[in-house]
Amino acid sequence: MNMDSGKILLLLLCLNVAILGVIGNPPTCPADVDTQCSASSEWKGEFFPNIPKVKYEGPSSKNPLAFKWYNADEEILGKKMKDWFRFSVAFWHTFRGTGGDPFGAPTKNWPWEDGTNSLDMAKRRMRANFEFINKLGVDRWCFHDRDIAPDGKTLEETNANLDEVVALAKELQGTKIRPLWGTAQLFMHPRYMHGGATSPELGVYAYAAAQVKKAIEVTHYLGGENYVFWGGREGYQSLLNTDMGRELDHMARFLEGAAAYKKKIGFNGTLLIEPKPQEPTKHQYDWDAATTSNFLRKYNLLGEFKLNIECNHATLSGHSCHHELETARLNGLLGNIDANTGDPQTGWDTDQFLTDIGEATMIMLSVVRNGGLAPGGFNFDAKLRRESTDVEDLFIAHISSMDTLARGLRNVAKLIEDGSLAELVRKRYESFDTEIGAQIEAGKADFEFLEKKAFEWGEPKVPSAKQELAEMIFQSAL
Ligand code: XLS
Ligand code: NI
Ligand code: NI
């Protein structure tokens, strides 16, 4: 090629780019394969052509698209890693997250998106979801009804849309992949502005019931193992205009109805409530694990429900994730984890991928004490930062968090093998490992008896708590 034709070619190329830039056509096809791609949902090519199936390469690997610590089939503490975690991809963040925020437009231009919320688009997105899950090597996903299929003009039309996408999802799931849980989105549509189950408007309560009924049905149809209630708008903005007692009663009736319907259709999945203190409401009724446990106790719903603890919600309620997990576990209610983390300087649910090894180790302490989470698991209720815009970032984020949690599990195994942390805790309570301690713990030591002992023993000797030693043991396992 001579100089002149080279220049002309360059000019043509530039013009081409400029014209495309002006027209601003959103890309409608998976990258690099536009000849095979039509706007229809029927396209069956690769959505992530440059991403191979993610493999375990061990801690020395520098490959961002490989696992360094998560080795699915490796046994740790008597269980395969994949069975400790039961990892799940959250459809809403990974496939509906746009990077938009209250100050700015969407930043993610995924090549398969055509900028619509059509039924065809919903189906194409579903295909992308399953390619992602297969390449990441997990067996589970989570969804809201309205993430996966668009609203219609009527509830009947909306249900028909959902059925169509769900039929495709069922086909794409194959024999191995299942929903970890499904849920109904009762917070986006304006009809739910005062809540769903706790809306003061009876018609809204009924609509919400119909929506949840359908969402339980499709979760069951897809072989889902759990069903989640996150009451984003079940709460209040002001107590001055709210009958809190009546709203809580309504919420209990609603949950009773869901439990009854689940049994009626033979769905054996666990019903889970996901506590969160606020956002979007000023005060959400399922504030934290303790509040929610008490609600279940008061309304005789223990036994029908467990809890889905989300780490970022835990910190929003002024607790740590570990505290919420332990509270749920001690009440026999630990059912699932929405694995994410917040930002210590930001006051809302930032839904970040968890990458703190210390936090992961604390989380895994609870999970191991609980004997695992099955039929629950770890759902990545986490999203890329607004500024992360490459398709491969979706993979990197999940891989990084899976590796972090895997390190947490490996660290717990080290702590258990070492034994000194458990020994430190055992020693702190050893005065109760006595005859009188056993009497107290069995509820057989009354106050007169204890007063006699106090007179007899005089001033007790109070030993050190050894907190710094406990922290030293913990950090040396990381
Ligand atoms: C929002 C919640 C939500 C639930 C599912 O903060 O975490 O994503 O997990 O409705
Ligand atoms: Ni969540
Ligand atoms: Ni959340």
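Residues numbered from 1 in each chain as written. Chains lettered and ligands numbered in written order. Predicted model: local features only at pLDDT ≥ 70, side-chain atom pairs only at ≥ 80, totals over all residues.

### Concerning the domain arrangement of the protein
Heads up, the condition is: Residue ranges for the domains originate in an automatic or database domain assignment.
Under the domain assignment used here, the protein contains domain 1 (55–418) and domain 2 (423–476). The centre of domain 1, based on its C-alpha atoms, is set 40 Å off from the matching centre of domain 2.

### Remarks on unusual backbone geometry
For clarity, the cut-off: Helix and strand definitions here come from DSSP, where helices need a minimum of 4 consecutive H or I residues and strands a minimum of 2 consecutive E residues; each element is numbered from the N-terminal end. Every C-beta atom is placed from the backbone, and the number of other C-beta atoms within 10 Å of a residue's own sets its class: buried at 20 or more, exposed at 12 or fewer, partly exposed in between.
Looking along the chain, the bond that leaves Glu279 and enters Pro280 is cis, with omega of 10°. Within the secondary structure, Pro280 is located in the loop between strand 10 (270–273) and strand 11 (283–284). Cis geometry marks the peptide bond from Ala374 to Pro375, where omega comes out at 5°. If you trace the backbone, Pro375 turns up in the loop between helix 12 (357–369) and strand 14 (378–380). Here the phi dihedral of Leu77 falls at roughly 45°; this positive angle occurs in a residue that is not glycine. Taking the C-beta count within 10 Å as the criterion, Leu77 has 16 such neighbours and is therefore assigned partly exposed. At Arg86, a residue that is not glycine, the phi angle is positive and equals roughly 50°. By the secondary structure assignment, Arg86 is in the loop between helix 2 (81–85) and strand 5 (87–90). Residue classification places Arg86 among the buried residues on the basis of 21 C-beta atoms within 10 Å.

### Details of the site of ligand 1
Operational definition: Using a C-beta atom placed from the backbone for every residue, we mark a residue as near a molecule or strand if that atom lies within 6 Å of it. Polarity classes work like this: nonpolar for Ala, Val, Leu, Ile, Met, Phe, Trp, Tyr, Cys and Pro, charged for Asp, Glu, Lys and Arg, and polar for all others, with Gly in that last group.
Close contacts around ligand 1 come from His144, Thr183, Val228, Trp230, Glu274, Lys276, Glu310, Asp338, Asp349 and Asp381, and that covers them all. Grouping the constituent residues of the shell around ligand 1 by class yields two nonpolar, two polar and six charged.

### Describing helix 8 (residues 244–264)
Note the cut-off: Multiplying 1.5 Å by the residue count of a helix minus one yields the expected span of that helix. This arc is taken over the directions from the axis of the helix to the C-beta atoms.
Here helix 8 spans 30 Å end to end across 21 residues, near enough to the 30 Å set by a 1.5 Å rise per residue. Within the span of helix 8, buried status applies to Glu247, His250, Met251, Phe254, Leu255, Ala258 and Lys262. Viewed end-on, helix 8 has its buried residues packed into an arc of 135°, placing them on one side of the element. Seen from the open side of helix 8, the exposed residues pointing more than 90 degrees away from its buried face are Gly245, Arg246, Ala260, Lys263 and Lys264. One or two positions beyond helix 8, positive phi appears at Gly266, with a value near 75°.

### Details of the sheet that holds strand 14
Just so we agree on the cut-off: Two strands pair under a simple rule: DSSP has to find at least two bridges between them. Lines fitted to the C-alpha atoms define the axes, with helices restricted to the stretch that makes contact. Angles between their N-to-C directions range from 0 to 180 degrees.
Pairing is parallel in the closed barrel, where eight strands are placed in the order 5-6-7-8-10-12-13-14. The sheet shows a mean angle of 30° between the axes of neighbouring strands, direction not considered. In terms of strand pairing, strand 13 (residues 334–338) meets strand 14 through two bridges, oriented parallel. Paired with Ile337 across the strands is Phe378, a residue of strand 14.

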